[in-house]
Every structure is written in C-alpha cells, then in structure tokens.
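Chain by chain, the residues:
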Amino acid sequence: MDKKKFEQFYHEHLDKIYRFVFFRVGAKRELAEDLTTEIFIKALEHFGKYDENKSKSAWIFTIARNHLYNHFRDNRRVEISLEALDESLYIEVESQGQDSTGLADFLQKDSERELWAILNELPEDKRKLVTLKHLYGYSYDEIGEMTGISPGAAKVAVHRVMKDLQSKLSTK
Amino acid sequence: MSWKLSYNLFRLRQKAGPTKQFRSALRYKLSEHYDSLYPVSKAFAWRLMVMRYGVMAVVVLLVAASIGTGAYAYDNPGVNEASLLYPVKKTIEKVQGKLVQGSVAKANFQLKQMQRRQAEIDRLQAEQKQFEKTIEEFNQAEEAVLANTDNVTSEDERGIMIQKVTEANLAHLQKLQDVKDELPSELQPRLEKVITAQSERMEKKLDNLQDKQDKFLEKQLEKLEQAEDWVNKQQEKIMEIKERVEINKEEKQINQLPANRQKGDQGRARQDKNKN
C-alpha cells in the first residue's frame with residue numbers, strides 16, 4: 001500500500017468527514033476528534049480495498065456512518081437508526097459534566113441560529129444536498145456519486161434549494 | 001443567488017472544521033500506525049544502509065548550513081516568535097547565557113538581551129503597521145471595484161462582478177484564518193481581532209449590496225413594464241391604422257362600381273361597420 005497515496009486521500013477527505021461527524025455528535029469537538037481519528041485508522045487498515053475509480057468519497061463516508069452508528073449503539077448515548085443518522089442534520093448527545101450543549105456554543109450569532117432553524121425545516125432530501133455542498137464542502141461530482149444523480153442534476157438541485165432557503169430567510 | 005446566504009454557510013463550514021493542531025496530530029498518528037502495520041522488510045535493509053550514509057552526508061551539510069543559519073537567526077531582529085528560526089535563536093542565547101561568568105558580564109549580557117527584544121518589538125510593530133496598511137489597501141481596492149460595478153448597467157455583468165468580489169473576500173478571510181492558525185497562541189488574539197473586523201465589514205457590505213441589487217432590479221423591472229406598455233400602445237395604434245386602411249380600401253372599391261350598385265354596397269358596408 002502506498003503511504004503517499006493514503007496521505008493524499010487523508011488530505012482530501014479529512015475536513016468533510018470531520019464535519020459530518022462533528023454535527024452528529026452534538027458539535028462536541030473532542031468527541032468529533034476522537035471518532036474521526038478512529039474512522040481514519042479504520043480507513044488506513046482497509047485502504048487496500050479502496051478503489052478510486054469505483055467510489056471517490058462514498059467509501060470513507062460509509063465507514064464514517066457505520067462507525068458512528070456503532071458508537072451510538074455501544075455507548076447507548078442516543079437511540080438512533082442508520083437512516084436517522086443519514087437524515088438528521090444534527091444529533092444532540094448527552095454530555096457528562098459541565099458542558100453546555102455544543103450547538104449553543106457553535107451558533108453564536110442570530111443570523112447563524114436563524115439559518116440553522118431554516119435548514120432544519122427543509123425536507124430531508126433538500127437539506128442533504130445543501131449540507132453536502134455548503135456545510136461539508138463536497139463537489140458536485142462527489143454529491144452526484146453519493147446521491148446517485150448526475151453532477152449537472154446535483155448542481156441544479158442545489159441551486160434550487162438555495163433559492164428556496166433564501167426566500168424563507170427573506171420572509172422571516 | 002444570495003451572497004449573504006453563501007457567506008453565512010461558509011462561516012458555519014469554517015467553524016465546524018478541524019483545527020490545524022488536530023490535523024497535524026492525526027497525520028502524525030496515522031503515519032506511525034502505517035509504519036507499525038507495514039514495517040520495512042529485511043530485503044530492503046541494504047537500501048536503508050545506502051540511505052543512511054547518504055543521510056549522514058546530508059546531516060553534515062545541514063550542520064554546516066545551520067552554523068550560517070544560526071548566525072543569521074541570532075543577529076536578525078526579524079527572527080521573532082512567529083518565525084521558524086526563533087527556537088534556534090533562543091537556544092544560542094541560552095547557551096551564551098550559561099557561558100557568561102561574573103555579575104558584571106551577566107548584567108551586560110542581560111542588557112544586550114533587553115536591546116535584542118526591543119529590536120524584535122520594533123520590527124514586529126513595523127511589520128504590524130505594514131500588515132495593517134496592506135489590509136487597508138485591500139479594502140480600498142474592494143471599494144474601487146464596487147464603485148465601478150455601480151456604473152455597470154448590464155444586470156448579468158454586475159452580478160458576476162459582485163460574485164467575484166464576494167469570492168475574493170471569502171478567500172481573504174480564509175487566508176487570514178490560515179495565517180492565524182500558524183501563529184503561536186499568544187499572537188493569535190491580535191489577528192483574531194483583524195479577522196472579526198474584516199468579517200463584520202464584509203457582512204455590512206453584503207447587506208448593502210443586497211439592498212442595492214434589489215433596488216437595481218426594481219428599477220429594471222419598472223423600465224421593462226414601461227417598455228411593455230409602450231409596445232402595447234403601439235400595437236393598438238397599428239391595429240387601428242390597419243382597420244382604417246381596410247375600410248378605405250372597401251370604400252374605394254365601392255366608388256369604382258356603377259352608381260346604382262354603389263348605393264347598395266355603401267349601405268351594406270355601413271351595416272357591416274355598425275355590426276363590428
């Protein structure tokens with residue numbers, strides 16, 4: 001296995017996977033870091049099975065999703081299904097000790113809270129598109145691969161959702 | 001598309017991203033894990049031997065270079081906390097401090113340290129001024145672009161220019177963030193203030209741009225409606241003229257007929273006109 005190739009893979013996917021995990025662990029940075037570390041160690045151990053031509057991002061995304069699901073199941077912090085893991089924009093996680101909710105710390109401005117509320121009101125399929133593009137930072141090619149549509153269709157769909165978001169923000 | 005919405009989503013994305021410290025720490029951890037999973041086999045040991053001698057040669061060259069580097073680091077007030085060579089500078093000073101004997105010599109050494117720190121502070125302040133001046137020049141250039149954009153009448157071209165300005169601002173904020181992450185923790189708050197000020201400035205700009213864009217679009221819509229009204233009126237006039245031409249044609253034809261037929265045709269023509 002080529003170390004340099006894995007390093008390149010790591011640089012390409014770290015930010016997106018980290019953000020995916022971050023929002024699903026109640027915006028708790030330490031927990032997100034621990035889980036992201038575990039995910040990439042798993043990816044490293046199975047990198048021999050990775051075929052760039054078959055899936056650019058879906059492979060590590062699946063590892064991340066399954067790892068999160070196992071974490072929730074094993075720690076019994078939150079009862080959650082695999083589908084809910086996909087569909088939710090954010091999952092609140094109970095914390096021990098004096099932590100306030102991670103989301104309260106994360107959303108500090110009114111404009112951010114407003115935007116967050118409206119994102120959560122969107123239908124799941126629309127929210128997924130805008131989240132993949134604008135919150136995680138995936139390209140249209142990658143979004144197309146992960147959602148089973150063409151990059152062109154992904155671009156148009158994201159554009160429509162953004163217009164929808166904008167009109168909801170304007171009416172508030 | 002709303003630039004303010006894109007900007008707010010960009011901010012959330014930035015905040016939800018991994019820190020640079022975590023990034024480097026994880027990279028190191030993965031590298032170690034890789035080495036533990038795939039240790040170098042004996043078959044390649046001879047290559048390592050060759051590499052070792054090569055590495056030794058490189059180390060000798062590096063030591064020779066570091067002597068020059070050390071001298072550069074020691075003498076240069078530009079080598080400060082934010083510089084990669086600062087640890088080299090501090091190490092040399094530490095060693096020097098230990099070699100100095102006697103109270104007078106030590107006092108003179110400490111005085112020299114004070115002068116060196118002051119020179120670094122002066123240099124930092126000059127760099128800070130240069131940095132602030134460069135930020136100011138960036139902001140002035142942006143104002144100039146937006147002032148010129150106001151004069152662009154094509155809505156599409158105007159929208160493209162504003163999009164480019166927004167993207168330049170986002171790249172600028174990202175760059176400031178990257179620079180801040182590289183700084184030692186004591187220096188980060190200063191740059192954080194600059195980043196906050198630039199972000200707030202950009203938000204206000206986006207609000208103004210959105211208002212201006214809305215007003216611009218309203219004006220364009222008004223002009224379009226006026227143009228449509230004018231076209232409708234012209235079409236009505238054309239219809240009227242056409243009708244008159246048709247009637248005149250018929251009357252001409254009637255006038256060319258023999259007299260008894262004229263009366264009948266004129267009467268029928270009037271009846272048809274009254275019906276219509």
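Conventions we followed
Residues numbered from 1 in each chain as written. Chains lettered and ligands numbered in written order. Predicted model: local features only at pLDDT ≥ 70, side-chain atom pairs only at ≥ 80, totals over all residues. Heavy atoms only, no water. Helix = DSSP H or I, 4+ residues; strand = E, 2+ residues; numbered from the N terminus. Buried < 20%, exposed > 50% of the residue type's maximum accessible area, 1.4 Å probe, protein only. Contact = heavy atoms within 4.5 Å. Areas by Shrake-Rupley, 256 points an atom, 1.4 Å probe, with all protein chains shown as cover. Core = buried A, V, L, I, M, F, W, Y, C linked by side-chain atoms within 4.5 Å. Expected span 1.5 Å × (residues − 1). Polar contact = N/O pair within 3.5 Å; in protein donor to acceptor, adjacent residues only side chain to side chain.

Peer 1: Give a description of the overall build of chain A that names residues and reports values.
Peer 2: In terms of helices and strands, chain A carries nine helices and zero strands. Counting from the amino terminus, helix and strand elements in chain A follow one another as α-α-α-α-α-α-α-α-α. A total of 172 residues make up chain A; the buried ones form 47% of that total. Within chain A, residue pairs in contact and separated by at least 24 positions form 63% of the contacts whose partners lie at least 6 positions apart. When the accessible surface of chain A is split by element, carbon and sulfur atoms take 46% of a total near 8800 Å².

Peer 1: Give me the lowdown on the environment of Gly152(A), citing residues and values where you can.
Peer 2: Residue and element names in this part refer to chain A. Its place among the elements puts glycine 152 in helix α9 (residues 151–171). Glycine 152 sits in the partly exposed class, given a relative accessible area of 45%. C-alpha separation for the pair glycine 152 and tyrosine 140, spaced 12 residues apart in sequence, amounts to 7.5 Å.

Peer 1: Account for the nonpolar core, with residues named and values stated.
Peer 2: With 60 residues, the main nonpolar core has Phe6(A), Ile17(A), Val21(A), Phe40(A) and Phe106(A) as its most contacted residues. Residue contributions to this core peak at 10 residues, all from helix α1 (residues 3–24) of chain A. Sequence-distant contacts of Ile17(A), that is, excluding residues within four places in its chain, are made with Ile39(A), Phe40(A), Ile60(A), Phe61(A), Ala64(A) and Tyr138(A). Of all hydrophobic cores here, the second largest spans 10 residues; its members include Phe10(B), Ile135(B), Leu170(B) and Leu176(B).

Peer 1: Help me get a handle on helix α3 (residues 58–75) of chain A, residues and values and all.
Peer 2: Here α3(A) spans 26 Å end to end across 18 residues, near enough to the 26 Å set by a 1.5 Å rise per residue. Here α3(A) has its buried residues at Trp59(A), Ile60(A), Phe61(A), Ile63(A), Ala64(A), Arg65(A), His67(A), Leu68(A), His71(A) and Phe72(A).

Peer 1: Break down unusual backbone geometry for me, citing the residues and quoting the values.
Peer 2: One non-glycine residue, Ala27(A), adopts positive backbone phi at about 55°. With respect to the helices, strands and loops of the structure, Ala27(A) is situated in the loop between α1 and α2 (29–45).

Peer 1: So, helix α7 (residues 124–136) of chain A: which residues are in play, and what are the values?
Peer 2: Residues and elements named next belong to chain A. The terminal C-alpha atoms of α7, which comprises 13 residues, lie only 16 Å apart, well short of the 18 Å expected from a rise of 1.5 Å per residue. Listed as buried for α7 are Arg127, Leu129, Val130, Thr131, Leu132, His134, Leu135 and Tyr136. Positive phi shows up at glycine 137, right after α7, with a value of about 95°.

Peer 1: Before we move on, could you go through the side chain of Glu112(A) and cite the residues and values that matter?
Peer 2: The topology assignment puts Glu112(A) in helix α6 (residues 110–121). Here Glu112(A) falls in the buried class, since its relative accessible area comes to 1%. At a separation of 2.9 Å, a polar atom in the side chain of Glu112(A) contacts the side chain of Lys15(B). Ignoring sequence-local partners within four residues, the contact set of Glu112(A) consists of Phe106(A), Leu107(A), Arg11(B), Leu12(B) and Lys15(B).

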